[in-house]
Amino acid sequence: MKKVLFLLAFGLPVVSLYAQRDHEPYLQKSFARGAVHELEAQTSGGNISVVGTTTGEARVEVYVQGNNGRWNLSREEIKQRLDEQYDLTVELQGNKLVAVAKGKKTFNWNNNHGVSISFRIFTPVEVSSHVRTSGGNLDLKDLSGNEDFRTSGGNIDAEHLVGAIIGRTSGGNVTISDSRNDIDLQTSGGNMDARNCEGKIQLETSGGNVGLRGVKGSIRATTSGGQVEGGQITGELYAHTSGGNIDLGDVSASLEASTSGGNIHVNLQSAGKYVNLSNSSGDITVQLPGNQGMDLRISGERVHVTAMNNFRGDQDEHHIRGTLNGGGIPVKVDGNGGSVHVSFK
């Protein structure tokens, strides 16, 4: 049931981003092969989709909707409203493709004749982008460069990106898959999901869950109000939540994980340079590899442990202090006011 809810949380919001593909664009412009090295795209109320193409050609499709998502405006009515409301630019400035819709200050935005402008953009794969929308979703795919994309109120969906990747949204969900190098993503009010990614990965949300699947590298996953869960994690992981659970399986990494208001469940296939788990009020359940040398420092209100082979040290119902297999990796588990359950495999 947990897996079903997890998929629903990250899968449903993406649908609306592709709604314009069922409609004819108001405007299309194509640009010569190899002419575009950079992209600047900005709109105030619509979606932006950017897709890299191996052909090296570039094309911009402009979609215009009326209020409440209506698509029934005639081309004449769209042109009239655009002339009244926006300065629309779709052009090549040197090697930079510019697709920008800026609202005019002279227009009364409180009336019921407003429109929103969305872009669907195709570029060469090796393009650096600067993408902004204040109220829509962002979709980026098959790009290699420095990608900087931000929305104030929509979702972010990124796939097959390589390079320095920065993404921000204030109110939506964030998903990224099959991407690598330097990934830095934040949302203030949504969930985050990273799958099959590699490199330096930073995921931060103030009010949602963080999911990790098949990630490798130096990973930092934090949330103030949700849970952190995942599996197939390799490298180094820092995971923190202030109010939720941490549930991690199939981990082969150096690990630091903490929560102030939930439980921790960790299955370590292989420990890296260190293991540090702490909890302020919940329980900790950890499975450790029994064939590695470890220095154990484990404490809690009650400590439950299975048989330990090659252990030397002291243990009672509140503590375990000693070495396993001659010592080695520092393993610190601090249960504070909760129970700690330790097993080995």
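Parameters and conventions
- Residues numbered from 1 in each chain as written.
- Predicted model: local features only at pLDDT ≥ 70, side-chain atom pairs only at ≥ 80, totals over all residues.
- Heavy atoms only, no water.
- Helix = DSSP H or I, 4+ residues; strand = E, 2+ residues; numbered from the N terminus.
- Buried < 20%, exposed > 50% of the residue type's maximum accessible area, 1.4 Å probe, protein only.
- Contact = heavy atoms within 4.5 Å.
- Areas by Shrake-Rupley, 256 points an atom, 1.4 Å probe, with all protein chains shown as cover.
- Lys, Arg positive; Asp, Glu negative; His and termini not counted.
- Charge placed at Lys NZ, Arg CZ, Asp CG, Glu CD.
- Arc of directions from axis to C-beta.
- Core = buried A, V, L, I, M, F, W, Y, C linked by side-chain atoms within 4.5 Å.
- pLDDT = per-residue confidence, 0-100.
- Pairing = 2+ DSSP bridges.
- Salt bridge = Lys/Arg side-chain N within 4 Å of Asp/Glu carboxyl O.
- Polar contact = N/O pair within 3.5 Å; in protein donor to acceptor, adjacent residues only side chain to side chain.

Time to look at the overall build of the protein chain. Each helix and strand in the protein chain was counted, giving 2 helices and 26 strands. If you line up the protein chain on its principal axes, its C-alpha atoms span 80 × 40 × 30 Å. Out of the 345 residues in the protein chain, the part that is buried amounts to 47%. Residue pairs at least 24 apart in sequence account for 41% of intrachain contacts in the protein chain once pairs closer than 6 positions are excluded. As displayed, the protein chain has an accessible area near 15400 Å², and 44% of this comes from carbon and sulfur atoms. The distance from the centre of the 32 positive side-chain charges to the centre of the 37 negative ones in the protein chain is 1 Å.

Turning our attention to unusual backbone geometry. The residue Q232 is not glycine, and still its phi comes out positive at about 55 degrees. By the secondary structure assignment, Q232 is in strand β17 (residues 228–241).

With that settled, consider helix α2 (residues 75–85). Helical periodicity: at 3.6 residues per turn, an α-helix aligns residues three or four positions apart in one direction. Regarding α2, the residues found buried are I78, R81, L82 and Q85. Each buried residue of α2 sits inside an arc of 100 degrees when the element is viewed along its axis, so together they form one side. On its buried side, α2 packs onto β4 (58–66), β5 (86–93), β6 (96–103) and β7 (115–124).

Turning to the nonpolar core, a few remarks are in order. Counting residues in each nonpolar core, the largest one holds 80 residues, and the members touching the most others are F119, I121, F149, L212 and L296. The contacts of F149, once residues within four sequence positions are left out, are V131, R132, L138, L140, I156, A158, L161, I165, I166, G167, R168 and L185.

A few words on the confidence of the model for the protein chain. Looking at the protein chain, pLDDT values average 91 and 92% of them are 70 or higher. This model gives residues 1–19 a pLDDT under 50, and the stretch forms 30 contacts once residues within four places in sequence are excluded.

The next thing to look at is the environment of D178. Mapped onto the elements of the fold, D178 is located in the loop between β12 (174–177) and β13 (180–187). Not counting residues within four places of it along the chain, the set of residues in contact with D178 comprises H160, L161, R195, N196 and C197.

This part covers the pairing of β17. The pairing of strand β16 (residues 210–223) with β17 spans 13 bridges and is parallel. Within the sheet, the bridge partner assigned to G211 lies in β17 and is E229. Inspection of the sheet shows β17 paired to strand β18 (residues 246–259) by 13 bridges, in the parallel sense. Paired with G231 across the two strands is G249, which belongs to β18.

This brings us to the pattern of salt bridges. Within this structure, the stated rule accounts for 12 salt bridges. Here R33 makes a salt bridge to E57, at a shortest N to O gap of 3.6 Å. Taken as a pair, R33 in the loop between β1 (27–31) and β2 (38–43) and E57 in the loop between β3 (48–53) and β4 lie far apart in primary sequence, 24 residues in all. Here R33 falls in the exposed class, since its relative accessible area comes to 58%. A salt bridge links R302 to E317, with the nearest nitrogen and oxygen atoms 3.8 Å apart. One end of the pair, R302, is in strand β22 (residues 302–305); the other, E317, is in the loop between β23 (311–315) and β24 (319–324), with 15 residues separating them in the sequence. Where salt bridges share partners, they join R59, E61 and R120 into one cluster.

Right, let's get into the environment of G171. Here G171 lies in the loop between β11 (156–169) and β12. When its relative accessible area of 46% is taken as the criterion, G171 is described as partly exposed. Separated by 168 residues in the primary sequence, G171 and S339 place their C-alpha atoms 36 Å from one another. If we ignore the near neighbours within four places in the chain, the residues touching G171 are S152 and G153.

Attention now moves to the pairing of strand β10 (residues 147–151). The buried fraction of β10 is high, at 4 of 5 residues. Sheet topology places β10 next to β11; 5 bridges connect them, and they run parallel. When the bridges of β11 are listed, R150 appears paired with R168.

With respect to the helices and strands, the residue H265 is situated in strand β19 (residues 264–279). As a C-alpha pair, H265 and K96 span 169 residues in sequence and 49 Å in three-dimensional space. The residues contacting H265, other than those within four sequence positions of it, are I246, D247, L248 and T285.

Here we come to the side chain of S179. Of note, S179 is situated in the loop between β12 and β13. Classification of S179 as buried rests on a relative accessible area of 2%. For S179, the side chain forms a polar contact with the main-chain nitrogen of L161, separated by 3.0 Å. There is a polar contact of 2.9 Å between the side chain of S179 and the backbone oxygen of S177.

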